[in-house]
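Residues per chain are reported as follows:
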Amino acid sequence: MAFPEGFLWGGAVAANQCEGAYDEDGKGLDIQDVTPHGIMGPRTEEPTEDNLKLAGIDFYHRYREDIRLFAEMGFKVFRLSIAWSRIFPKGDEEVPNEKGLAFYDAVFDECLKYGIEPLVTISHYETPLHLSKTYNGWIDRRMIGFYENYVRVIFDRYKGKVKYWLTFNEINSVLQEPFLSGGIYTEKEKLSEQDLYQAVHHELVASALATKIAHEMMPEAKVGCMVLSMPVYPLTPAPDDVIEAMETRHKNDFFVHMHTRGYYPGYMKRYFRENGIEIQKAAEDEEILKHTVDFISFSYYMSVCAAADQGKGESGRGNLLGGVKNPYLKESDWGWQIDPQGLRYVLNDFYDRYEKPLFIVENGLGAADELVPGKDGEPTVNDDYRIDYLRDHLLQVEEAIEDGVEVMGYTTWGCIDLVSASTAELKKRYGFIYVDRNDDGTGTLNRYRKKSFYWYKKVIASNGAALERQ
Ligand code: BGP
């Protein structure tokens, strides 16, 4: 049996996509509260009623019921994020908001009650809006200090409860999505590469600093980086396409290099040199960056192709980083190309190169589900397409484990339906658990088990053996 004993099976969510209660118990506004239409849409000055994230799926009030359902599936781990603006409503205060801290105490206690390990993302696309507007997010070096203050508070509070930490969600997406990922308020079109890489540097220093502090304050803690993984295949065997693919990969993966080796790779120094980018560094940065992570975590949804002649391929829609469409792959209803073998590829690739344990912390299929009457009278969803997707990917994880890759665990994205990050829809559902809430805001918020719920439960109970049998 390939999956090792103690393999961490579970699911993942982010505060801004599920909690709701956007202004309750002292929470400040964050950047998600002013992006009602997701990444593509315009942002607003104030929170507006059409922003589904303001109420989310009401996890803030229903977490007990939800965690009980996760426990019923047999989860060993639950990945969630702490909303920074619940702890520091503006982000630059000295003293934290006790009610925000108490909320996560209750959530972690609930997980631990069922033997579920919390896996906590410290910052998941939810920078406090004040930090974004006042400092322009991570462009400003002072963000490192605000983030340090925040991590010291949460490490101190939750040490003993939380062992697994991730510093920034998909840290490598800041180049493509400066507002979402870096809290940078200036419009993307007005930013130079100099600005973007300066922000990247600050985030990387903050991430290494958090790792150092975590290791000092919680010797048993395991800290991971979290990147958006996307294998880049050359569109053709033409050497120019192969080199294009390599250079695209370098830009995505240099973040992993930084987190595991602790210094800038030669190819990035060359890129900076040739593009007139000069990163402003403080004297201590080099030392701080040497604090490398314990494991690499990543999201995996799709692969892309690269072509030297950009006009050659059809450009694909997809998960933030984008790329050229692969003519050999099918795509989801939202145009994300489905490539289970790409997961085996990326696991091997990261492991060969960086030699750290790996954790798949996001993977899943966003689909429009239909609620139908179930056998026992309870509504359900016959989501065989989701089962197929997840099984195909998990079989590739198994292959990678057979290849010798050290895989710590697997958390499906959106284990309970939640608001989409890219389009802010509820219709794009990922969950094992259906949440009765619709894009027009209607719905009872009731939770229903989908067919995949029972399937995943069997997979976990058999530690993966059931994948083969079905
Ligand atoms: C990742 C984000 C998640 C998540 C997921 C699915 O990029 O880390 O927050 O939402 O993608 O994307 P979407 O919600 O757009 O379907």
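Scroll up for the structure.
Cut-offs and rules
- Each chain carries its own residue numbering, running from 1 in the written order of its sequence.
- Residue-level local features of this predicted model are given only where pLDDT is at least 70; pairs of side-chain atoms are given and counted only at 80 or more, and the full residue set underlies all totals for whole chains, interfaces and linings.
- As a rule here, side-chain values cover all heavy atoms of the structure and leave hydrogens and water aside.
- For the purposes of this entry, the term helix denotes a DSSP run of H or I that reaches at least four residues, the term strand denotes a run of E that reaches at least two, and both are numbered from the N terminus.
- Each residue is assigned to one of three classes by its accessible area relative to the maximum for its type, calculated with a 1.4 Å probe on protein chains only: buried under 20%, partly exposed between the two thresholds, exposed over 50%.
- Residues count as neighbours in contact if any of their non-hydrogen atoms are within 4.5 Å of one another.
- Accessibility throughout is a Shrake-Rupley quantity obtained with a 1.4 Å probe, and a residue counts as covered only by protein chains that appear here.
- When charges are counted, Lys and Arg are positive and Asp and Glu negative, with His and the chain ends excluded.
- A single reference atom marks each charge: NZ on Lys, CZ on Arg, CG on Asp, CD on Glu.
- A fitted line through C-alpha atoms represents every axis, and for helices the fit uses only the stretch in contact; the resulting angles, taken between N-to-C directions, go from 0 to 180 degrees.
- The cut-offs work like this: below 35 degrees is roughly parallel, past 145 is roughly antiparallel, 65 to 115 is roughly perpendicular, and the gaps in between are oblique.
- The handedness criterion is simple: a crossing whose near helix is rotated anticlockwise from the far helix by less than a right angle is left-handed, and one whose near helix is rotated clockwise is right-handed.
- All residues other than Ala, Val, Leu, Ile, Met, Phe, Trp, Tyr, Cys, Pro, Asp, Glu, Lys and Arg, Gly among them, are scored as polar; the first ten of these are nonpolar and the last four charged.
- DSSP bridges decide pairing: two strands pair if at least two such bridges lie between them.
- For this document, the term salt bridge refers to a Lys or Arg side-chain nitrogen within 4 Å of an Asp or Glu carboxyl oxygen.
- A single heavy atom is enough: if one lies within 4 Å of a molecule or strand, its residue is considered near that molecule or strand.
- Polar contact criterion, stated in full: a pair of N or O atoms within 3.5 Å, where within protein one must be able to donate a hydrogen and the other to accept it, and residues adjacent in sequence count only if both atoms are side-chain atoms.

Caption draft 1: Examining the overall build of the chain more closely. Looking only at helices and strands, one finds 15 helices and 16 strands in the chain. Projected onto the principal axes, the alpha-carbon positions of the chain cover approximately 65 × 55 × 45 Å. Here the chain, with 470 residues, has 60% of them falling under the buried criterion. For the chain, long-range pairs separated by at least 24 residues make up 75% of all intrachain contacts whose partners lie at least 6 apart in sequence. For the chain, the accessible area works out to roughly 18100 Å², and carbon and sulfur atoms hold 49% of it. Across the chain, the 53 positively charged side chains and the 76 negatively charged ones have centroids separated by 2 Å.

Caption draft 2: Structural detail: the packing of helix H4 (residues 98-113) against helix H6 (residues 142-158). Orientation of H4 relative to H6, taken along the N-to-C sense of each, is 45°, at an axis distance of 11 Å. On the basis of the axis angle, H4 is oblique to H6. Pair H4 / H6 crosses with right-handed handedness. Contact residues: Glu98, Gly100, Leu101, Ala102, Tyr104, Asp105 and Phe108 in H4; Val153, Ile154, Arg157 and Tyr158 in H6. Residues that form the contact of H4 with H6 fall into these classes: seven nonpolar, one polar and three charged.

Caption draft 3: Examining the sheet that holds strand S4 (residues 164-166) more closely. Within the closed barrel, the eight strands sit side by side as S1-S2-S3-S4-S5-S7-S11-S14. Their pairing is parallel. Taking the axes of each pair of neighbouring strands and ignoring which way they run, one obtains an average angle of 25° across the sheet. Where strand S7 (residues 295-300) and strand S11 (residues 358-362) come together, four bridges link them in parallel fashion. Bridge pairing links Ser297 to Phe359 in S11. Strand contacts of helix H12 (residues 340-354): strand S5 (222-229), S7, S11 and strand S14 (407-413), with the helix running at about 155° to S7, the strand carrying the most contacts.

Caption draft 4: Molecular detail of the pairing of S14. Counting buried residues in S14 gives seven out of seven residues, a clear majority hidden from the surface. With three bridges connecting them, S11 and S14 associate as parallel partners. Its bridge partner being in S14, Ile360 is matched across the sheet by Tyr410.

Caption draft 5: Structural view of the pattern of salt bridges. Applying the stated criterion across every chain, the model contains 37 salt bridges. A salt bridge links Glu362 to Arg79; the shortest N-O distance between them is 3.0 Å. Of the two residues, Glu362 is situated in strand S11 and Arg79 in strand S2 (residues 77-81); the sequence distance between them amounts to 283 residues. Note that Arg386 and Asp369 form a salt bridge whose closest N and O atoms lie 3.1 Å from each other. Here the residue Arg386 occupies a position in helix H13 (residues 384-402), and Asp369 occupies one in the loop between S11 and strand S12 (372-373), the gap between them amounting to 17 residues. For the pair Arg386 and Asp369, one class covers both residues: buried. When salt bridges that share partners are traced, they join Asp369, Asp383, Arg386, Asp417, Arg429 and Lys450 into one network.

Caption draft 6: Seen up close, the site of the ligand. The environment of the ligand is formed by 15 residues, the closest being Glu170, Ala421, Ser422, Lys428 and Tyr430. Lys428 is positioned such that a nitrogen or oxygen atom in its side chain is 2.7 Å from an oxygen atom of the ligand. Between the ligand and the protein, one listed contact pairs an oxygen atom with a side-chain N or O atom of Tyr430 at 2.5 Å. Starting from 370 Å² of accessible surface for the ligand in isolation, the protein chains cover 99%.

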